Amino acid sequence: MSFSVPAGLLCQSRGIHSLPVELLTRIFALGAGFDYLYEESPFLLKPNQDYYSPPPSFQLLVSHVCHRWRQVALRTPSLWTTVHLREPVHLARARAYLDRCSTSAAYLLDILVDTVAPEEHIPGVTLCLEEIVEVFDLIIPHVQHWRSFHLKVRSNECKLQARRYLSTCGPAPSLETLQLYHFEDYSTSQDLWIATYRPPVVVFNNSVPKLRNVSLIGVNLPWLKSPYLMNLQKLELALHPDNIRPPYDSWDRMLRLSPQLQSLYLHYSGPRLESGEPSSAWTPTKEKIALDMLSDLRFTDLDPDYLCGVVERLYLPSARKMSWDLPEQDFTPFIELLSRKTERHPSEASGSSGEVSSTAGPTKRRSKIAISSLLSGSDPEVLDESDGVLVRLPRPDVLFEGPLPHLGRLETLAIAALECSLLSWQTLLQSMDGLKRLEVDFRRVRPESWKVFAGAVEVDSRGALRLGSSRLLLPRLQTFKVAGVSGVEAQREMTRRAKTAGGEGGLGHWIIRWSPGMKGEDTVLDELVQHGYTLKEDGRSDLSSFAMVKVETYFEDDEEELDEEPEPDGSQDEDSLGSP
């Protein structure tokens with residue numbers, strides 16, 4: 001006996017419509033997370049930046065494919081938990097999203113509110129004072145479910161509304177990331193006084209037990225009355241006049257009670273200068289704040305003396321990434337603070353407590369080098385023959401006396417601007433043997449800095465320049481992002497490093513500042529960008545005689561490029577803004 005299946009039903013059973021709802025739901029969830037906004041940082045707002053990536057629209061796309069997909073999408077709460085409000089039309093969309101996700105008792109919201117200054121406000125296009133009350137009335141009832149909250153206000157009036165709502169909304173038990181941004185152009189000192197004279201208010205009833213990431217841009221908190229500033233993992237402080245910065249004892253407490261802190265970013269901010277009050281007194285430099293887990297450190301627009309004072313009170317044994325934007329002043333003392341070193345045996349270094357012994361312990365007599373390591377060409381291992389017994393000892397480690405005892409293990413350094421002496425610049429490069437990625441805008445450093453990096457010149461102990469040697473600085477460098485270097489200079493350095501590496505490893509990835517609008521200004525650079533770089537040794541045809549360098553481009557610091565970016569996500573069709 002045989003059965004026949006209608007052709008239409010057979011086609012449907014074999015097609016995508018045959019996927020069970022559970023599998024389709026999982027696919028939708030994965031698709032919605034593909035353009036994850038928090039991949040690089042938990043903070044979406046950046047100082048002095050007005051354009052931000054729109055939230056993922058995958059859920060809107062799949063909900064418009066067919067009736068079945070729409071029904072599945074609308075009944076999947078996790079697809080509708082990202083609520084971004086930048087335009088008035090986003091309010092209707094946010095209502096629809098909140099209705100859809102709140103069908104689950106465990107929904108968690110990622111919310112961004114971006115308003116503009118009154119003089120920039122366009123009714124019906126941007127958000128300002130007229131809309132801010134409606135925005136808060138919409139999102140405050142869901143405060144128990146906030147996972148991340150990013151708020152940007154550009155006027156004192158909007159700030160007052162934000163203070164009122166956040167000080168009366170009650171606890172935020174699920175909040176993990178808090179970013180508050182208030183900055184405006186103060187035309188007079190009176191305007192600045194009006195914006196800063198009010199004492200800050202307590203937010204969320206001081207009940208945010210899951211808070212791990214805090215970014216405050218132009219916003220201060222009642223530092224002495226904010227007990228939740230602890231157990232942090234990411235901390236950003238930016239654009240704070242000295243009078244609203246945290247007193248040093250609050251700063252000290254915040255860091256010491258955050259042993260898991262991984263990232264610290266100071267942009268014209270940090271602890272308040274000493275003012276005579278007990279809470280503002282800075283601790284002695286020997287009382288280090290040990291942050292054993294901190295790996296990412298960034299500094300922007302800080303005075304040299306202030307920066308040195310902050311950093312020399314830190315102990316950061318795990319730092320692997322640093323970013324600096326330090327123009328116009330001489331930061332030689334800061335570079336010297338980082339790169340002062342002493343060679344000590346690892347057994348003399350302290351453990352994870354963050355304290356370094358001030359005196360060296362007794363040293364054992366070292367006499368022989370293992371023959372096997374001489375034959376293998378590897379780093380020699382030291383043997384100890386005290387008491388007539390040969391004992392294998394670890395290789396001596398270079399420890400630095402400054403806040404980064406393992407500066408040689410730094411993997412990434414990004415320099416947007418830096419003023420320092422050439423001798424300190426050379427010492428810094430010599431100290432970072434383990435660096436894998438370097439980013440430098442050579443337009444904003446000393447003109448001779450490139451020549452030192454490229455080995456064309458060396459700096460003697462008196463600061464005088466002399467002809468460079470063949471020594472390769474940063475021997476483990478793999479990626480180089482660079483601006484302000486000509487095509488000829490870049491090609492010469494590619495050749496030098498390729499020959500030194502012998503065709504194996506080495507600096508094989510360059511990212512050069514270039515755009516189509518620059519084409520024709522530097523023909524050698526144009527050629528490198530279009531075809532990359534390949535070095536072939538004369539008279540050899542084997543693959544080992546080739547060294548290939550991958551060349552990519554970037555161009556991110558001109559306003560004309562921002563005009564080419566797609567508009568934010570306010571142009572969805574009516575159906576995407578409607579109710580389920």
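Calculation criteria
- Residues numbered from 1 in each chain as written.
- Predicted model: local features only at pLDDT ≥ 70, side-chain atom pairs only at ≥ 80, totals over all residues.
- Heavy atoms only, no water.
- Helix = DSSP H or I, 4+ residues; strand = E, 2+ residues; numbered from the N terminus.
- Buried < 20%, exposed > 50% of the residue type's maximum accessible area, 1.4 Å probe, protein only.
- Contact = heavy atoms within 4.5 Å.
- Areas by Shrake-Rupley, 256 points an atom, 1.4 Å probe, with all protein chains shown as cover.
- Core = buried A, V, L, I, M, F, W, Y, C linked by side-chain atoms within 4.5 Å.
- Salt bridge = Lys/Arg side-chain N within 4 Å of Asp/Glu carboxyl O.
- Phe/Tyr/Trp six-rings, centres within 6.5 Å; stacked < 30°, edge-to-face > 60°.
- Arc of directions from axis to C-beta.
- Axes fitted to C-alpha atoms, helices over the stretch in contact; angles between N-to-C directions.
- Parallel < 35°, antiparallel > 145°, perpendicular 65-115°, else oblique.
- Nonpolar A, V, L, I, M, F, W, Y, C, P; charged D, E, K, R; others polar.
- pLDDT = per-residue confidence, 0-100.
- Pairing = 2+ DSSP bridges.

## A word on the overall build of the chain
- Within the chain one finds 18 helices and 24 strands.
- Scored against the burial criterion, the 580 residues of the chain give a buried share of 48%.
- Long-range contacts, defined as pairs at least 24 residues apart, comprise 73% of the intrachain contacts of the chain with a sequence gap of at least 6.
- Accessible surface for the chain amounts to roughly 29,200 Å². Of this, 52% is attributable to carbon and sulfur atoms.

## Concerning the nonpolar core
- Ranked by internal contacts, the top residues of the largest apolar core, which has 134 residues, are Trp-146, Phe-149, Phe-204, Phe-299, Trp-324, Phe-334 and Trp-510.
- Sequence-distant contacts of Trp-510, that is, excluding residues within four places in its chain, are made with Trp-450, Phe-480, Val-482, Ala-490, Glu-493, Met-494, Val-549, Lys-550, Val-551 and Glu-552.

## Considerations on the pattern of salt bridges
- Applying the stated criterion across every chain, the model contains 15 salt bridges.
- Glu-448 is the partner of Arg-446 in a salt bridge, and the nearest nitrogen-oxygen pair spans 3.8 Å.
- Ionic pairing is found between Arg-462 and Asp-460, a salt bridge with its closest N-O pair at 3.3 Å.
- Take Arg-462: its relative accessible area is 74%, and that puts it in the exposed class.

## Re the environment of Glu-22
- Mapped onto the elements of the fold, Glu-22 is located in helix 2 (residues 21–32).
- Distance from Glu-22 to Val-72, taken between C-alpha atoms, is 9.2 Å for residues 50 residues apart in sequence.

## A closer look at the packing of aromatic side chains
- This model, assessed by the stated rule, comprises 15 aromatic pairs.
- Plain terms: the ring middles of Phe-136 and Tyr-165 are 4.9 Å apart, the flat faces sit at 10° to each other, and that makes the pair stacked. Here Phe-136, found in helix 6 (residues 129–139), pairs with Tyr-165, found in helix 7 (residues 156–166); they are 29 residues apart in sequence, far enough to count as distant.
- Exposure remark for Phe-136: the relative accessible area of 0% places this residue in the buried category.

## As for helix 6
- Among the residues of helix 6, Glu-131, Ile-132, Val-135, Phe-136, Leu-138 and Ile-139 are the ones counted as buried. Each buried residue of helix 6 sits inside an arc of 155° when the element is viewed along its axis, so together they form one side.

## A look at the packing of helix 5 (residues 89–101) against helix 6
- Closest axis-to-axis distance for the helix 5/helix 6 pair is 11 Å, and the angle between their directions is 5°. Taken together, helix 5 and helix 6 sit at an angle that is classed as roughly parallel. Every residue of helix 6 that contacts helix 5 at Leu-91, Ala-94, Arg-95 and Leu-98 is listed here: Glu-134, Val-135 and Leu-138.
- Here the residues of the contact of helix 5 with helix 6 sort into five nonpolar, no polar and two charged.

## Overview of the confidence of the model for the chain
- For the chain, the average pLDDT comes to 82, and 78% of its residues sit at 70 or higher.
- Residue range residues 345–396 is modelled with pLDDT below 50. Its contacts to residues more than four positions away, or to other chains, number 64 contacts.
- Confidence over residues 539–545 falls short of pLDDT 50; this stretch has eight contacts with residues more than four positions distant or in other chains.

## Points about the environment of Leu-237
- Along the polypeptide, Leu-237 turns up in strand 6 (residues 234–238).
- Spatially, the C-alpha atom of Leu-237 lies 5.2 Å from that of Leu-266, the residues being 29 residues apart in sequence.

## Structural notes on helix 13 (residues 422–431)
- In terms of residue burial, helix 13 counts as a mostly covered element, since seven of its ten residues are buried.
- Considered for burial, the residues of helix 13 that qualify are Leu-422, Ser-424, Trp-425, Gln-426, Leu-428, Leu-429 and Ser-431.

## Things to note about the packing of helix 2 against helix 4 (residues 67–74)
- Running from amino to carboxyl end, helix 2 crosses helix 4 at an angle of 70°, the nearest separation of the two axes being 10 Å. Regarding the angle of helix 2 to helix 4, the classification is roughly perpendicular. Across the interface between the two elements, Val-21, Leu-24, Thr-25 and Phe-28 of helix 2 pack against Arg-68, Trp-69, Val-72 and Ala-73 of helix 4.
- Tallied by class, the residues present in the contact of helix 2 with helix 4 amount to six nonpolar, one polar and one charged.

## A closer look at the pairing of strand 5 (residues 213–217)
- Among the five residues of strand 5, five are classified as buried, and the element is accordingly described as predominantly covered.
- Side-chain alternation along strand 5 places Asn-213, Ser-215 and Ile-217 on one buried face and Val-214 and Leu-216 on a second face that is also buried.
- Pairing analysis gives five bridges linking strand 4 (residues 177–182) to strand 5, with the strands arranged parallel. Each residue of the ladder has a partner; that of Tyr-181, found in strand 5, is Ile-217.
- In terms of strand pairing, strand 5 meets strand 6 through five bridges, oriented parallel. Directly across from Asn-213, in strand 6, lies its bridge partner Lys-234.

## Examining the environment of Leu-232
- Position of Leu-232 among the secondary structure elements: in the loop between strand 5 and strand 6.
- Along the chain, Leu-232 and Thr-177 lie 55 residues apart, while their C-alpha atoms are 9.8 Å from each other.
- Those residues in contact with Leu-232 that lie beyond four places of it in its chain are Leu-211, Arg-212, Val-214, Met-254, Ser-258, Gln-260 and Leu-261.

## Quick word on unusual backbone geometry
- For Asn-206, which is not glycine, the phi torsion reads 60° and is therefore positive.
- Judged by its relative accessible area of 25%, Asn-206 is partly exposed.

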